[in-house]
Amino acid sequence: PLVTSTEMFKKAAAGGYAIGAFNVNNMEIIQGIVEAAKEEKSPLILQVSAGARKYASPIYLRKLVEAAVEDSGLDIVLHLDHGEDFEICKMCIDDGFTSVMIDGSKYPFEENIALTKQVVEYAHARGVVVEAELGKLAGIEDDVKVSEKDATFTDPDQAAEFVERTGVDSLAIAIGTSHGAYKFKGEPRLDFARLEKIANLIPNTPLVLHGASTVLPEFVELCNKYGGDIPGAQGVPESMIRQAATLGVCKVNIDTDLRLAMTAAIRKLLVENPKEFDPRKYLAPARTAIKDMVQHKIRNVLGSSNRL
Ligand code: G3H
Ligand code: 13P
Ligand code: NA
Ligand code: ZN
(Lines give C-alpha, C1' and ligand atoms only; values in the text may rest on other atoms or scores of the structure.)
(Ligands and ions follow the chains in the order given, each with its own letter.)
Protein backbone atom coordinates (compact mmCIF):
# COMPACT_ATOMS: atom_id res chain seq x y z
CA PRO A 1 0.00 0.00 0.00
CA LEU A 2 0.89 3.67 0.21
CA VAL A 3 2.72 4.13 3.51
CA THR A 4 4.32 6.95 5.47
CA SER A 5 8.10 7.24 5.70
CA THR A 6 8.20 6.85 9.50
CA GLU A 7 9.39 3.22 9.66
CA MET A 8 11.58 3.56 6.55
CA PHE A 9 13.46 6.49 8.08
CA LYS A 10 13.95 4.72 11.42
CA LYS A 11 15.55 1.75 9.69
CA ALA A 12 17.61 3.96 7.38
CA ALA A 13 18.98 6.01 10.29
CA ALA A 14 19.89 2.86 12.21
CA GLY A 15 21.42 1.20 9.15
CA GLY A 16 23.41 4.19 7.89
CA TYR A 17 21.79 4.24 4.47
CA ALA A 18 19.38 6.57 2.69
CA ILE A 19 16.17 6.23 0.74
CA GLY A 20 15.86 7.71 -2.73
CA ALA A 21 13.00 10.14 -3.26
CA PHE A 22 12.46 10.30 -7.00
CA ASN A 23 10.44 12.98 -8.79
CA VAL A 24 7.78 11.55 -11.10
CA ASN A 25 5.99 13.19 -14.00
CA ASN A 26 4.67 10.41 -16.25
CA MET A 27 4.11 6.68 -16.59
CA GLU A 28 7.50 5.69 -17.99
CA ILE A 29 9.37 7.48 -15.22
CA ILE A 30 7.24 5.79 -12.55
CA GLN A 31 7.61 2.36 -14.15
CA GLY A 32 11.39 2.63 -14.52
CA ILE A 33 11.89 3.67 -10.89
CA VAL A 34 9.50 1.10 -9.46
CA GLU A 35 11.00 -1.78 -11.46
CA ALA A 36 14.43 -0.88 -10.09
CA ALA A 37 13.21 -0.64 -6.48
CA LYS A 38 11.40 -3.95 -6.83
CA GLU A 39 14.44 -5.80 -8.18
CA GLU A 40 16.63 -4.27 -5.47
CA LYS A 41 14.07 -4.95 -2.71
CA SER A 42 14.45 -1.32 -1.71
CA PRO A 43 12.16 1.06 0.16
CA LEU A 44 10.92 3.83 -2.14
CA ILE A 45 9.58 7.38 -2.07
CA LEU A 46 7.90 8.79 -5.16
CA GLN A 47 7.49 12.55 -5.07
CA VAL A 48 5.33 14.92 -7.02
CA SER A 49 6.04 18.64 -7.43
CA ALA A 50 3.53 21.40 -8.11
CA GLY A 51 4.92 21.45 -11.65
CA ALA A 52 4.32 17.72 -12.02
CA ARG A 53 0.73 18.08 -10.86
CA LYS A 54 0.24 20.87 -13.36
CA TYR A 55 1.85 18.87 -16.19
CA ALA A 56 0.12 15.52 -15.74
CA SER A 57 -2.91 16.64 -13.71
CA PRO A 58 -3.12 15.45 -10.11
CA ILE A 59 -5.46 12.53 -10.69
CA TYR A 60 -3.28 10.91 -13.38
CA LEU A 61 -0.21 10.94 -11.16
CA ARG A 62 -2.07 9.60 -8.17
CA LYS A 63 -3.68 6.81 -10.20
CA LEU A 64 -0.34 5.93 -11.82
CA VAL A 65 1.30 5.63 -8.43
CA GLU A 66 -1.63 3.55 -7.16
CA ALA A 67 -1.17 1.30 -10.20
CA ALA A 68 2.54 1.00 -9.37
CA VAL A 69 1.72 -0.07 -5.81
CA GLU A 70 -0.82 -2.63 -6.98
CA ASP A 71 1.36 -4.00 -9.77
CA SER A 72 4.62 -4.17 -7.77
CA GLY A 73 3.29 -5.15 -4.37
CA LEU A 74 5.75 -2.65 -2.87
CA ASP A 75 5.10 -0.25 0.00
CA ILE A 76 5.59 3.20 -1.51
CA VAL A 77 5.55 6.68 0.04
CA LEU A 78 3.65 9.25 -2.05
CA HIS A 79 5.17 12.63 -1.18
CA LEU A 80 4.46 16.23 -2.19
CA ASP A 81 7.75 17.91 -3.09
CA HIS A 82 8.19 21.63 -2.25
CA GLY A 83 4.63 22.46 -1.25
CA GLU A 84 4.67 26.25 -1.14
CA ASP A 85 1.59 26.95 0.94
CA PHE A 86 -0.92 25.35 3.30
CA GLU A 87 -3.49 24.93 0.51
CA ILE A 88 -1.44 22.65 -1.75
CA CYS A 89 -0.42 20.54 1.27
CA LYS A 90 -4.06 20.24 2.34
CA MET A 91 -5.10 19.30 -1.19
CA CYS A 92 -2.52 16.51 -1.36
CA ILE A 93 -3.32 15.24 2.15
CA ASP A 94 -7.03 15.14 1.25
CA ASP A 95 -6.03 13.38 -1.98
CA GLY A 96 -4.30 10.44 -0.28
CA PHE A 97 -0.64 11.49 -0.17
CA THR A 98 1.12 9.92 2.80
CA SER A 99 3.75 12.64 3.12
CA VAL A 100 3.98 16.33 2.26
CA MET A 101 6.73 18.91 2.23
CA ILE A 102 5.90 22.43 3.31
CA ASP A 103 8.74 24.57 2.00
CA GLY A 104 8.76 27.75 4.05
CA SER A 105 12.50 28.22 3.57
CA LYS A 106 12.01 31.53 1.78
CA TYR A 107 10.25 33.06 4.79
CA PRO A 108 11.79 34.50 7.96
CA PHE A 109 12.32 31.95 10.76
CA GLU A 110 9.13 32.73 12.73
CA GLU A 111 6.92 32.68 9.63
CA ASN A 112 8.45 29.39 8.49
CA ILE A 113 7.66 27.95 11.94
CA ALA A 114 4.06 29.21 11.91
CA LEU A 115 3.38 27.87 8.41
CA THR A 116 5.04 24.53 9.12
CA LYS A 117 3.07 24.14 12.37
CA GLN A 118 -0.20 24.74 10.55
CA VAL A 119 0.60 21.97 8.05
CA VAL A 120 1.87 19.59 10.75
CA GLU A 121 -1.37 20.00 12.71
CA TYR A 122 -3.55 19.25 9.68
CA ALA A 123 -1.34 16.39 8.46
CA HIS A 124 -0.82 14.61 11.78
CA ALA A 125 -4.56 14.61 12.50
CA ARG A 126 -4.88 12.57 9.29
CA GLY A 127 -1.92 10.22 9.69
CA VAL A 128 0.27 12.05 7.20
CA VAL A 129 3.92 13.01 7.83
CA VAL A 130 5.54 16.36 7.09
CA GLU A 131 8.94 17.50 5.80
CA ALA A 132 9.99 21.13 6.23
CA GLU A 133 13.02 23.09 5.07
CA LEU A 134 15.32 25.44 6.92
CA GLY A 135 18.10 27.26 5.10
CA LYS A 136 18.19 28.16 1.41
CA LEU A 137 19.59 26.07 -1.43
CA ALA A 138 21.18 27.85 -4.37
CA GLY A 139 19.77 27.12 -7.80
CA ILE A 140 16.39 26.91 -9.48
CA GLU A 141 13.22 25.77 -7.76
CA ASP A 142 10.22 26.04 -10.04
CA ASP A 143 10.02 29.77 -10.70
CA VAL A 144 12.04 30.84 -7.68
CA LYS A 145 15.68 31.42 -8.46
CA VAL A 146 18.01 31.58 -5.49
CA SER A 147 21.36 32.97 -6.52
CA GLU A 148 24.46 31.56 -4.88
CA LYS A 149 24.94 34.62 -2.71
CA ASP A 150 21.37 34.38 -1.36
CA ALA A 151 21.84 30.76 -0.38
CA THR A 152 22.14 30.36 3.39
CA PHE A 153 23.29 27.18 5.03
CA THR A 154 21.12 25.78 7.83
CA ASP A 155 21.98 27.05 11.30
CA PRO A 156 22.25 24.03 13.65
CA ASP A 157 20.78 25.77 16.72
CA GLN A 158 17.90 27.12 14.67
CA ALA A 159 17.30 23.63 13.29
CA ALA A 160 16.93 22.26 16.82
CA GLU A 161 14.52 25.03 17.82
CA PHE A 162 12.58 24.65 14.56
CA VAL A 163 12.01 20.92 15.02
CA GLU A 164 11.10 21.34 18.69
CA ARG A 165 8.55 24.08 18.02
CA THR A 166 6.94 22.65 14.87
CA GLY A 167 6.84 18.93 15.63
CA VAL A 168 7.85 18.30 12.01
CA ASP A 169 8.77 14.71 11.06
CA SER A 170 11.82 15.38 8.87
CA LEU A 171 13.94 18.37 7.95
CA ALA A 172 15.53 19.43 4.66
CA ILE A 173 18.79 21.24 5.21
CA ALA A 174 21.11 23.42 3.15
CA ILE A 175 24.77 22.36 3.27
CA GLY A 176 25.91 23.30 -0.23
CA THR A 177 23.77 21.32 -2.67
CA SER A 178 21.52 23.01 -5.21
CA HIS A 179 18.81 21.97 -7.65
CA GLY A 180 19.54 21.30 -11.31
CA ALA A 181 22.50 20.14 -13.40
CA TYR A 182 25.00 22.87 -12.47
CA LYS A 183 25.76 22.43 -8.80
CA PHE A 184 29.38 23.45 -8.51
CA LYS A 185 31.56 25.78 -10.53
CA GLY A 186 34.85 24.41 -9.21
CA GLU A 187 35.52 21.48 -6.87
CA PRO A 188 32.37 20.01 -5.30
CA ARG A 189 32.17 20.87 -1.61
CA LEU A 190 29.56 20.16 1.05
CA ASP A 191 29.61 21.39 4.65
CA PHE A 192 29.82 18.03 6.43
CA ALA A 193 30.86 19.62 9.74
CA ARG A 194 27.56 21.49 9.72
CA LEU A 195 25.66 18.33 8.85
CA GLU A 196 27.27 16.53 11.80
CA LYS A 197 26.39 19.37 14.18
CA ILE A 198 22.78 19.34 13.03
CA ALA A 199 22.55 15.54 13.30
CA ASN A 200 24.01 15.63 16.81
CA LEU A 201 21.53 18.27 17.98
CA ILE A 202 18.46 16.54 16.49
CA PRO A 203 19.46 12.86 16.35
CA ASN A 204 15.86 11.67 16.12
CA THR A 205 14.92 13.84 13.16
CA PRO A 206 15.57 12.29 9.74
CA LEU A 207 17.40 14.80 7.54
CA VAL A 208 16.66 15.35 3.86
CA LEU A 209 19.16 16.28 1.16
CA HIS A 210 17.65 18.18 -1.76
CA GLY A 211 19.57 18.85 -4.93
CA ALA A 212 21.29 15.49 -4.53
CA SER A 213 21.57 14.30 -8.13
CA THR A 214 25.05 13.13 -9.08
CA VAL A 215 24.64 14.29 -12.71
CA LEU A 216 26.08 11.09 -14.20
CA PRO A 217 28.70 12.08 -16.82
CA GLU A 218 27.61 9.17 -19.00
CA PHE A 219 24.23 10.82 -19.65
CA VAL A 220 25.57 14.34 -20.05
CA GLU A 221 28.01 13.00 -22.68
CA LEU A 222 25.25 11.11 -24.52
CA CYS A 223 23.04 14.22 -24.57
CA ASN A 224 25.86 16.32 -25.95
CA LYS A 225 26.91 13.65 -28.46
CA TYR A 226 23.41 13.38 -29.89
CA GLY A 227 22.59 17.04 -30.48
CA GLY A 228 22.27 18.39 -26.96
CA ASP A 229 24.09 21.36 -25.49
CA ILE A 230 24.56 21.06 -21.72
CA PRO A 231 28.20 21.92 -21.08
CA GLY A 232 29.71 22.15 -17.62
CA ALA A 233 27.04 20.10 -15.87
CA GLN A 234 28.26 18.83 -12.48
CA GLY A 235 26.50 17.05 -9.62
CA VAL A 236 27.23 15.83 -6.11
CA PRO A 237 29.91 13.11 -6.21
CA GLU A 238 28.61 9.66 -5.27
CA SER A 239 31.05 9.42 -2.37
CA MET A 240 29.51 12.55 -0.80
CA ILE A 241 26.00 11.09 -0.99
CA ARG A 242 27.30 7.94 0.68
CA GLN A 243 28.94 10.01 3.42
CA ALA A 244 25.77 12.07 4.00
CA ALA A 245 23.79 8.84 4.37
CA THR A 246 25.98 7.78 7.28
CA LEU A 247 25.52 11.20 8.96
CA GLY A 248 21.74 11.31 9.46
CA VAL A 249 20.52 11.98 5.93
CA CYS A 250 17.65 9.51 5.40
CA LYS A 251 16.07 10.94 2.24
CA VAL A 252 17.96 11.86 -0.92
CA ASN A 253 16.01 13.84 -3.53
CA ILE A 254 16.66 13.02 -7.17
CA ASP A 255 15.11 14.60 -10.23
CA THR A 256 17.87 15.89 -12.52
CA ASP A 257 19.41 12.41 -12.93
CA LEU A 258 16.05 11.07 -14.14
CA ARG A 259 15.72 13.91 -16.64
CA LEU A 260 19.21 13.35 -17.98
CA ALA A 261 18.83 9.56 -18.28
CA MET A 262 15.52 9.88 -20.10
CA THR A 263 16.67 12.62 -22.45
CA ALA A 264 19.97 10.89 -23.26
CA ALA A 265 18.17 7.68 -24.24
CA ILE A 266 15.60 9.49 -26.39
CA ARG A 267 18.19 11.65 -28.16
CA LYS A 268 20.30 8.60 -28.97
CA LEU A 269 17.39 6.54 -30.27
CA LEU A 270 16.04 9.29 -32.49
CA VAL A 271 19.40 10.32 -33.93
CA GLU A 272 20.32 6.71 -34.69
CA ASN A 273 16.87 5.93 -36.09
CA PRO A 274 15.73 9.02 -37.99
CA LYS A 275 12.85 7.17 -39.62
CA GLU A 276 11.34 6.20 -36.27
CA PHE A 277 8.21 8.00 -35.07
CA ASP A 278 6.49 5.48 -32.82
CA PRO A 279 6.74 7.03 -29.32
CA ARG A 280 6.97 3.56 -27.78
CA LYS A 281 10.22 3.01 -29.65
CA TYR A 282 11.93 5.89 -27.82
CA LEU A 283 10.03 5.83 -24.54
CA ALA A 284 10.87 2.16 -23.88
CA PRO A 285 14.65 2.73 -23.93
CA ALA A 286 14.12 5.89 -21.86
CA ARG A 287 12.29 3.81 -19.26
CA THR A 288 15.08 1.23 -19.30
CA ALA A 289 17.72 3.95 -18.87
CA ILE A 290 15.86 5.25 -15.83
CA LYS A 291 15.55 1.77 -14.39
CA ASP A 292 19.26 1.03 -14.79
CA MET A 293 20.30 4.40 -13.35
CA VAL A 294 17.99 4.06 -10.33
CA GLN A 295 19.16 0.51 -9.73
CA HIS A 296 22.80 1.65 -9.72
CA LYS A 297 21.94 4.45 -7.32
CA ILE A 298 20.01 2.24 -4.91
CA ARG A 299 22.68 -0.45 -4.91
CA ASN A 300 25.92 1.54 -5.05
CA VAL A 301 25.15 4.99 -3.69
CA LEU A 302 22.14 5.00 -1.34
CA GLY A 303 22.76 1.52 0.06
CA SER A 304 19.05 0.70 0.32
CA SER A 305 19.10 -2.68 -1.47
CA ASN A 306 17.59 -5.62 0.44
CA ARG A 307 16.17 -3.41 3.20
CA LEU A 308 12.50 -4.42 2.99
O1 G3H B 1 13.12 20.68 -6.73
C2 G3H B 1 12.55 20.68 -7.83
C3 G3H B 1 12.31 19.39 -8.52
O4 G3H B 1 13.39 19.08 -9.36
C5 G3H B 1 11.02 19.46 -9.26
O6 G3H B 1 11.13 20.23 -10.42
O7 G3H B 1 9.26 21.85 -10.10
O8 G3H B 1 10.28 21.48 -12.37
O9 G3H B 1 8.85 19.71 -11.31
P10 G3H B 1 9.79 20.86 -11.08
P1 13P C 1 18.19 17.49 -8.22
O2 13P C 1 17.95 18.67 -9.13
O3 13P C 1 19.61 17.44 -7.76
O4 13P C 1 17.75 16.21 -8.85
O5 13P C 1 17.30 17.71 -6.89
C6 13P C 1 15.94 17.35 -6.87
C7 13P C 1 15.22 17.85 -5.67
O8 13P C 1 15.79 18.31 -4.69
C9 13P C 1 13.75 17.75 -5.69
O10 13P C 1 13.17 18.29 -4.55
NA1 NA D 1 10.72 16.91 -0.77
ZN1 ZN E 1 14.17 20.01 -3.80
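Calculation criteria
- Residues numbered from 1 in each chain as written.
- Chains lettered and ligands numbered in written order.
- Predicted model: local features only at pLDDT ≥ 70, side-chain atom pairs only at ≥ 80, totals over all residues.
- Near = placed C-beta within 6 Å.
- Helix = DSSP H or I, 4+ residues; strand = E, 2+ residues; numbered from the N terminus.
- Nonpolar A, V, L, I, M, F, W, Y, C, P; charged D, E, K, R; others polar.
- Core = buried A, V, L, I, M, F, W, Y, C linked by C-beta atoms within 7 Å.
- Buried ≥ 20, exposed ≤ 12 C-beta atoms within 10 Å, placed from the backbone.
- Contact = placed C-beta atoms within 7 Å.
- UniProt positions renumbered as here; feature names shortened; annotations may be inferred.
- Right-handed = clockwise from strand over helix to strand, strands pointing away.
- Pairing = 2+ DSSP bridges.
- Arc of directions from axis to C-beta.
- Axes fitted to C-alpha atoms, helices over the stretch in contact; angles between N-to-C directions.
- Left-handed = near helix turned anticlockwise from the far one by under 90°.
- Expected span 1.5 Å × (residues − 1).

Enquirer: Just checking my understanding: could you explain the site of ligand 2 for this structure?
Expert: Surrounding ligand 2, one finds 14 residues, the nearest of these being His-210, Ser-213, Asn-253, Asp-255 and Thr-256. Contributions of two or more residues to the shell around ligand 2 are made by strand S3 (76-83), strand S10 (249-254) and helix H11 (256-272). For the shell around ligand 2, the per-class residue count stands at two nonpolar, nine polar and three charged.

Enquirer: What's the story with the nonpolar core in this structure? I'm lost.
Expert: Within the largest apolar cluster, 97 residues are counted, with the highest numbers of intra-cluster contacts made by Ile-33, Leu-46, Val-100, Leu-171, Ala-261 and Ile-290. Per element, the largest residue contribution to this core is nine residues, and it comes from helix H12 (residues 279-302). Among residues more than four places away in sequence, those in contact with Leu-171 are Ala-132, Leu-134, Ala-159, Val-163, Thr-205, Leu-207 and Val-208.

Enquirer: Which parts of the structure should I look at to understand the UniProt feature "binding site: dihydroxyacetone phosphate" (unreviewed entry) in the protein?
Expert: Taken from the UniProt record, the annotation "binding site: dihydroxyacetone phosphate" (unreviewed entry) applies to Gly-180, Gly-211, Ala-212, Ser-213, Asn-253, Ile-254, Asp-255 and Thr-256. Across 77 residues, the annotated set stays spatially compact, with a maximum C-alpha separation of 11.3 Å. Here Asn-253 shows up in strand S10.

Enquirer: What is the right way to read the UniProt feature "active site" (unreviewed entry) in the protein from this model?
Expert: Mapped onto this numbering, the UniProt entry annotates "active site" (unreviewed entry) at Asp-81. Considering the arrangement of structural elements, one finds Asp-81 in strand S3. Those residues in contact with Asp-81 that lie beyond four places of it in its chain are Asn-23, Gln-47, Val-48, Ser-49 and Met-101.

Enquirer: What should I look at first to understand the pairing of strand S5 (residues 129-134) in this one?
Expert: For a regular strand, side-chain orientation follows a simple rule: the groups alternate between the two sheet faces. Counting buried positions over the six residues of S5 gives six, a clear majority of the element. Crossover strand S4 (residues 99-102) to S5 through helix H6 (residues 109-124) is right-handed. Relative to strand S8 (residues 170-173), S5 runs parallel, the two being bridged by four bridges. Its bridge partner lying in S8, Glu-131 is registered against Ser-170.

Enquirer: What am I meant to see in helix H7 (residues 156-166) here?
Expert: Two residues of an α-helix separated by three or four positions point the same way, owing to the 3.6 residues in each turn. Within H7 the residues assigned to the buried category are Ala-159, Phe-162, Val-163 and Thr-166. Viewed end-on, H7 has its buried residues packed into an arc of 95°, placing them on one side of the element. Opposite the buried face of H7, at more than 90 degrees from it, the exposed residues are Asp-157 and Glu-164. Those residues of H7 that are buried lie in contact with H6, S5, S8 and helix H8 (192-201). Once H7 finishes, Gly-167 follows within two positions and takes phi at roughly 70°, a positive value.

Enquirer: Whenever I open this one, the sheet that holds S10 confuses me. Can you help?
Expert: Taken in spatial order, the eight strands close into a barrel running S1-S2-S3-S4-S5-S8-S9-S10, and their pairing is parallel. Strand-to-strand twist in this sheet, taken as the mean axis angle between neighbours without regard to direction, amounts to 25°. The pairing of strand S2 (residues 44-49) with S3 spans six bridges and is classified as parallel. Looking at the pairing, Ile-45 lines up with Val-77 of S3. Those strands touched by helix H5 (residues 86-94) are S3 and S4, and its axis lies near 165° from that of S3. Against the sheet, H12 contacts strand S1 (19-23) and S10, and its axis sits at roughly 150° relative to S1.

Enquirer: What exactly am I supposed to notice about the pairing of S3 here?
Expert: Within S3, eight of the eight residues are buried, which leaves the element mostly enclosed by the surrounding structure. In the sheet, S3 pairs with S4 via three bridges, with the strands oriented parallel. The residue bridging Leu-80 from the neighbouring strand is Val-100, located in S4. In this region the chain leaves S3, passes through H5 and returns to the parallel neighbour S4; the handedness of that crossover is right-handed.

Enquirer: Is there a simple way to explain the packing of H6 against H7 in this structure?
Expert: Between two packed helices, both the angle of their axes relative to each other and the distance between the axes serve to describe the pair. Relative orientation of the contacting elements H6 and H7 amounts to 35°, with a least axis distance of 9 Å. When you trace H6 past H7, the crossing you get is right-handed. Where H6 approaches H7, its residues Phe-109, Ile-113, Thr-116, Lys-117 and Val-120 are matched on the opposing element by Gln-158, Phe-162, Arg-165 and Thr-166. For the contact of H6 with H7, the per-class residue count stands at four nonpolar, three polar and two charged.

Enquirer: What should I look at first to understand helix H2 (residues 27-40) in this one?
Expert: Counted at 1.5 Å a residue, the expected span for H2 with its 14 residues is 20 Å, and the 20 Å between its end C-alpha atoms agrees. Most of H2 is tucked away, with 11 of its 14 residues classed as buried. If you check which residues of H2 are buried, you get Glu-28, Ile-29, Ile-30, Gln-31, Gly-32, Ile-33, Val-34, Glu-35, Ala-36, Ala-37 and Glu-40. Residue Lys-41 follows H2 closely and has a positive phi angle near 50°.

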